[in-house]
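Each chain, letter by letter, is given below.
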Amino acid sequence: MYVTADTMAREAAQLTELDSAIGDADHGINMQRGFTAVKAALENDAPDTPGAMLVLAGRQLISTVGGASGPLYGTLLRRAGKMLGDGTEVSRERLTEALRAGVAAVAQLGGAKAGDKTMLDALEPAVEALGESFAAAREAAERGAAATVPMLARKGRASYLGERSIGHQDPGATSSALLVAALVRAAADDGSGEAS
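Model, not experiment: these values are computed from the prediction.

Draft legend 1. Expanded view of the overall build of the protein. Counting its regular elements, the protein contains 8 helices and 0 strands. Overall, the protein shows an N-to-C arrangement of helices and strands of α-α-α-α-α-α-α-α. Against the compact-globule benchmark of 16 Å for 196 residues, the protein has a radius of gyration of 15 Å, which places it among compact chains. Once the C-alpha set of the protein is aligned to its principal axes, its extents read approximately 45 × 35 × 30 Å. When each of the 196 residues of the protein is scored for burial, the buried share is 49%. Within the protein, contacts between residues at least 6 apart in sequence are counted, and of these 64% link residues at least 24 apart. Total accessible area on the protein is roughly 8900 Å²; 51% of this is exposed by carbon and sulfur atoms.

Draft legend 2. Local environment of the packing of helix α1 (residues 2–22) against helix α2 (residues 27–44). It is at 6 Å that the axes of α1 and α2 come closest, and there the two elements cross at 170°. Relative to α2, the element α1 is oriented roughly antiparallel. Every pair of crossing elements has a handedness; the one defined by α1 and α2 is left-handed. When α1 is examined against α2, the residues Tyr-2, Thr-4, Ala-5, Asp-6, Met-8, Ala-9, Ala-12, Leu-15, Thr-16 and Asp-19 are found in contact with a partner set consisting of His-27, Gly-28, Ile-29, Met-31, Gln-32, Phe-35, Lys-39, Leu-42 and Glu-43. Counted by class, the contact of α1 with α2 contains 10 nonpolar, 5 polar and 4 charged residues.

Draft legend 3. Just the nonpolar core, in detail. By size, the foremost hydrophobic cluster in this structure holds 45 residues, and its most contacted members are Met-1, Phe-35 and Leu-76. Taken together, the elements giving at least two residues each to this core come down to α1, α2, α3 (50–64), α4 (69–84), α5 (92–110), α6 (120–130), α7 (134–146) and α8 (171–189). Considering each element in turn, this core owes the most residues, 7 residues, to α8. When near neighbours in sequence (up to four residues on either side) are disregarded, Phe-35 contacts Met-1, Thr-4, Ala-5, Met-8, Leu-61 and Leu-179.

Draft legend 4. Representation of α2 in the model. Between its first and last C-alpha atoms α2 spans 26 Å; for 18 residues at 1.5 Å apiece the expected length is 26 Å, and the two agree. Residues His-27, Gly-28, Asn-30, Met-31, Gly-34, Phe-35, Ala-37, Val-38, Ala-41 and Leu-42 constitute the buried set of α2.

Draft legend 5. Here's a closer look at the environment of Ala-5. In this fold, Ala-5 is placed in helix α1. Ignoring sequence-local partners within four residues, the contact set of Ala-5 consists of Phe-35 and Lys-39.

Draft legend 6. Expanded view of the layout of surface pockets. The calculated volume of the second largest pocket comes to roughly 620 Å³. Secondary-structure elements contributing two or more residues to the lining of the second largest pocket are α1, α2, α4, α5 and α8.

Draft legend 7. Up close: the packing of α6 against α7. Put simply, α6 and α7 touch, their axes get as near as 7 Å, and they point 160° apart. Judged on the interaxial angle alone, α7 and α6 are roughly antiparallel. Here α6 and α7 pass one another in a crossing that is right-handed. Counting all contacts with α6, which are made through Asp-121, Ala-122, Pro-125, Ala-126, Ala-129 and Leu-130, the residues of α7 involved are Phe-134, Ala-136, Ala-137, Ala-140, Ala-141, Gly-144 and Ala-145. Residue classes in the contact of α6 with α7 are distributed as 11 nonpolar, 1 polar and 1 charged.

Conventions we followed
Each chain has its residues counted from 1, running along the sequence as written. Per-residue local features are limited, in this predicted model, to residues with pLDDT of at least 70; the limit for side-chain atom pairs, both in listing and counting, is 80 or more; totals at the level of whole chains, interfaces and linings are taken over all residues. Values reported for side chains reflect all heavy atoms of the structure, with hydrogen atoms and water molecules removed beforehand. A run of H or I in DSSP becomes a helix once it reaches four residues, and a run of E becomes a strand once it reaches two; helices and strands are each numbered from the N terminus. The size measure is the radius of gyration over C-alpha atoms, and the globule rule it meets is 2.2 Å times the number of residues to the 0.38 power. Partly exposed describes any residue whose relative accessible area lies between the buried limit of under 20% and the exposed limit of over 50%, with all areas from a 1.4 Å probe on protein chains only and scaled to the type maximum. Only heavy atoms matter for contacts: two residues are in contact if any of them lie within 4.5 Å across the pair. Calculation of accessible area relied on Shrake-Rupley with a 1.4 Å probe; when residues are assessed, cover is drawn exclusively from the protein chains displayed. Angles run from 0 to 180 degrees between N-to-C directions of axes, and those axes are lines fitted to C-alpha atoms, restricted for helices to the stretch in contact. For classification purposes, an angle smaller than 35 degrees is called roughly parallel, one larger than 145 roughly antiparallel, one from 65 to 115 roughly perpendicular, and anything else oblique. Whether a crossing is left-handed or right-handed is set by the direction in which the near helix is turned from the far one by less than a right angle, anticlockwise for left-handed and clockwise for right-handed. Polarity classes work like this: nonpolar for Ala, Val, Leu, Ile, Met, Phe, Trp, Tyr, Cys and Pro, charged for Asp, Glu, Lys and Arg, and polar for all others, with Gly in that last group. Among buried residues, those of type Ala, Val, Leu, Ile, Met, Phe, Trp, Tyr and Cys that are joined through side-chain atoms within 4.5 Å constitute a nonpolar core. Between the first and last residue of a helix there are one fewer steps than residues, each counted as 1.5 Å, and that sum is the expected span. The method works on a 1 Å grid over the protein atoms by themselves. A cavity is a set of points holding a 1.4 Å probe that cannot get out, a pocket is an open set with protein on both sides within 12 Å along at least five of seven lines, and residues with an atom within 4 Å of a point line them. Grid points are joined across faces, edges and corners, and a volume is the space filled by probe spheres set on the points.

Pasting the structure below:
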């Protein structure tokens, strides 16, 4: 989560710029604030297991990130964390199952699906590709985010723009791709050897 916090801080301006075209122009600021709160919570009292860490992170995002992003990202991380349980070691296969459950919970909460120009357009292909490797998941998330440019937004604030939402990359899909990329970097730092 430290890597994610640093990533969101570094990319906040880009996310806000994307959101200014089709949203409220606050996505980057909100994501930075949320993950800064996650980092502070972890520094104060870091859980002993990956699952508990994700649950804590999700709880922090729900309480500090405005708009729909807090509940959606919070649900993703909390559900994944609960699926991981109390294990101290997490295989890529187990992480894939946990994230798949988290993504399904996000889809249910937001009433969205892939192709609606949302974070799911990056998350769903990333989780499927995670079965192959961390690097494949990162690439799939990046492709998924880029693929939102020609889409018509069907959910979220961007959907209010109708045809004017076409031609802009979805900020939620972009921050989701950043989250997946941070996961890959964290896995590489753990020495898993699968991130390259």
